[in-house]
Amino acid sequence: MERRNPLPYPVTPELRNSQPALRWGAPWAQGLQNSFPNTTSLPYPENDPVQPPSSEPTVGGSTNPASPNDEILIAVFGMTGTGKTTFIEKVSGQKLNIGHNLHSCTMNIEKIHCKIGNYNITLVDTPGFDDTSRSDTDVLILIANWLRESYKQHTLLSGIIYLHRISDPRMSGSSIKNLRMFRKLCGAESMHNVSLVTTMWDKVTRVEGETREKDLMDGENGFWRAMIKSGCLVRRHDGSVESARGLVAELASMKRTVLRLQEEIAEGKKLIETDAGVSLNEELLRVKRQHEEELRCVKEEMEAAMRSGKHLAHSNPLVFSRSVGSGK
């Protein structure tokens, strides 16, 4: 496969190492803290350039397939409550910390090692962008740091599983946000390594589930349509161990891939300059504008009420005085 260089000049290891590739933290964290003073961010390395693998992976595409003796890295993404931790338990046979309430139980990125056939599998449990204990900013920082370290260690993903509850009657705002961030992290050229997996089939009738699945794939909104056109798989998880292990085994022999976020990091972009960072910043600005509009409306209503009270006092002081004195 011919390697594609996305930059307008040759990229040599010397050039990549000479770039201050990851001064991620300062402008990104500062800008967010100014707008959201309660937001806490993870620390960033100030001057730690990404070292490219000795055998440079294809940027924006796949590399050689993994052999059974290699460690196979497969990441599991999805909203809180889609069953990520339970899915990993089914595959690995290990008991993990599962949250059965509204709170996320995935506080950090966790790696779980297991074996499927002759393959040595490492499953990566990731927090969703609707995490109850972290801001979206902190989640992106956490995932970006992990992807960066994996790239530096020459460990690339063979597969990415994105879980979605088929029991959800519609795509909520959180679902859309999670999916959008996931697409930005992966990039279109890594979609061949992605499996969109629906869960919770036991909570719907077959007709309901198939109708919702069809809507996700090619309905009026077609939230998955672009990803499917780019080559991702669509699969169902029936909740069994065999189903979970089969879904992982399907991705184990895939060619390893460089995600879009890893590609951008290797190019020397700051986190806020990446596609995922830009998307998150736009969302934060939208929320900020919404809050400012709500505050403006409340302020106008209060001012109108005060003017109305003053008008009543001036027009009929006796009535106003009696109203105030009686507490009416």
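Attention here is on the structure that accompanies the text.

Analysis parameters
- The written sequence of each chain sets the order in which its residues are numbered from 1.
- Side-chain atom pairs in this predicted model are given and counted only at pLDDT of 80 or more, local residue features only at pLDDT of at least 70, and totals for whole chains, interfaces and linings cover all residues.
- Heavy atoms throughout the structure, all of them, feed into the side-chain values; hydrogens and water do not.
- Fitting a line to C-alpha atoms yields each axis, with helices limited to the stretch in contact; the angle taken between N-to-C directions then spans 0 to 180 degrees.
- Strands are runs of DSSP state E lasting at least two residues, helices are runs of H or I lasting at least four, and both sets are numbered from the N terminus onward.
- The labels follow the angle: roughly parallel below 35 degrees, roughly antiparallel above 145, roughly perpendicular from 65 to 115, and oblique for the rest.
- Any pair of residues with heavy atoms lying within 4.5 Å of one another is described as a contacting pair.
- When residue character is reported, Ala, Val, Leu, Ile, Met, Phe, Trp, Tyr, Cys and Pro are called nonpolar, Asp, Glu, Lys and Arg charged, and the others, Gly included, polar.
- For two strands to count as paired, DSSP must find a minimum of two bridges between them.
- Here is the rule for handedness: rotate from the far helix to the near one, and if that takes an anticlockwise turn smaller than a right angle the crossing is left-handed, while a clockwise turn gives right-handed.
- The span expected for a helix works out to 1.5 Å for each residue beyond the first.
- Accessibility here uses a 1.4 Å probe with only protein chains present; expressed as a share of the type maximum, an area under 20% marks a residue as buried, one over 50% as exposed, and anything in between as partly exposed.
- The pocket and cavity definitions rest on a 1 Å grid over protein atoms only: a 1.4 Å probe that fits but cannot leave marks a cavity, an open set with protein on both sides within 12 Å along at least five of seven lines marks a pocket, and residues lining either have an atom within 4 Å of a point.
- Grid points are joined across faces, edges and corners, and a volume is the space filled by probe spheres set on the points.

Running from N to C, helix 3 (residues 84–92) and helix 8 (residues 241–252) point in directions that differ by 90 degrees, and their axes come no closer than 8 Å. By the angle class used here, helix 3 and helix 8 are roughly perpendicular. Residues Phe87, Lys90 and Val91 of helix 3 touch helix 8, and the partners they reach there are Val241, Ala244, Arg245, Leu247 and Val248. In terms of residue class, the contact of helix 3 with helix 8 is built from six nonpolar, no polar and two charged.

Right, let's talk about the pairing of strand 3 (residues 110–116) for a bit. Note that strand 3 and strand 4 (residues 119–125) share seven bridges and pair antiparallel. Bridged to His113 within strand 4 is Thr122. Between the antiparallel neighbours strand 3 and strand 4 lie two residues, among them Gly117 with a positive phi of about 65 degrees.

This part takes up the packing of helix 4 (residues 136–152) against helix 5 (residues 173–186). At a minimum axis distance of 13 Å, the contact between helix 4 and helix 5 shows a crossing angle of 25 degrees. It follows from the interaxial angle that helix 4 and helix 5 lie roughly parallel. For the crossing formed where helix 4 meets helix 5, the hand is right-handed. The residues of helix 5 that touch helix 4, namely those facing Asp136, Leu140, Ile143 and Leu147, are Lys177, Met181 and Leu185. Tallied by class, the residues present in the contact of helix 4 with helix 5 amount to five nonpolar, no polar and two charged.

For the rest of this paragraph, the subject is helix 8. With twelve residues, helix 8 should cover 16 Å at 1.5 Å per step; its first-to-last C-alpha distance of 16 Å lies within 8% of that length. All of the buried residues in helix 8 are Ser243, Ala244, Leu247, Val248, Leu251 and Ala252.

Bringing the environment of Ile265 into the picture now. Structurally, Ile265 can be placed in helix 9 (residues 260–266). Sequence separation of Ile265 and Arg148 is 117 residues, and the distance between their C-alpha atoms is 7.2 Å.

What follows is about the environment of Gly277. Checked against the element boundaries, Gly277 lands in helix 10 (residues 275–315). A residue is classified by how much of its surface remains accessible, and Gly277, at 0% relative accessible area, is buried. Each C-alpha atom, one on Gly277 and one on Leu140, is 7.9 Å from the other, the two residues being 137 residues apart in sequence.

A few words now on empty space enclosed by the protein. Taken as a whole and judged by the stated rule, the model has two cavities of 30 Å³ or more. Computed from the structure, the largest cavity encloses a volume of approximately 60 Å³. Considering the residues around the largest cavity, the lining is formed by Met79, Thr82, Tyr162, Leu163, His164, Arg165, Asp168, Met171, Ser175 and Trp224. At four residues, the largest contribution of residues to the lining of the largest cavity is made by strand 5 (residues 159–165). The residue makeup of the lining of the largest cavity, split by class, is five nonpolar, three polar and two charged. Estimates place the volume of the second largest cavity at around 30 Å³. Along its surface, the second largest cavity is lined by Phe77, Gly78, Pro127, Gly128, Phe129, Tyr162, Asn178 and Phe182. Secondary structure elements with two or more residues in the lining of the second largest cavity: strand 2 (71–78) and helix 5.

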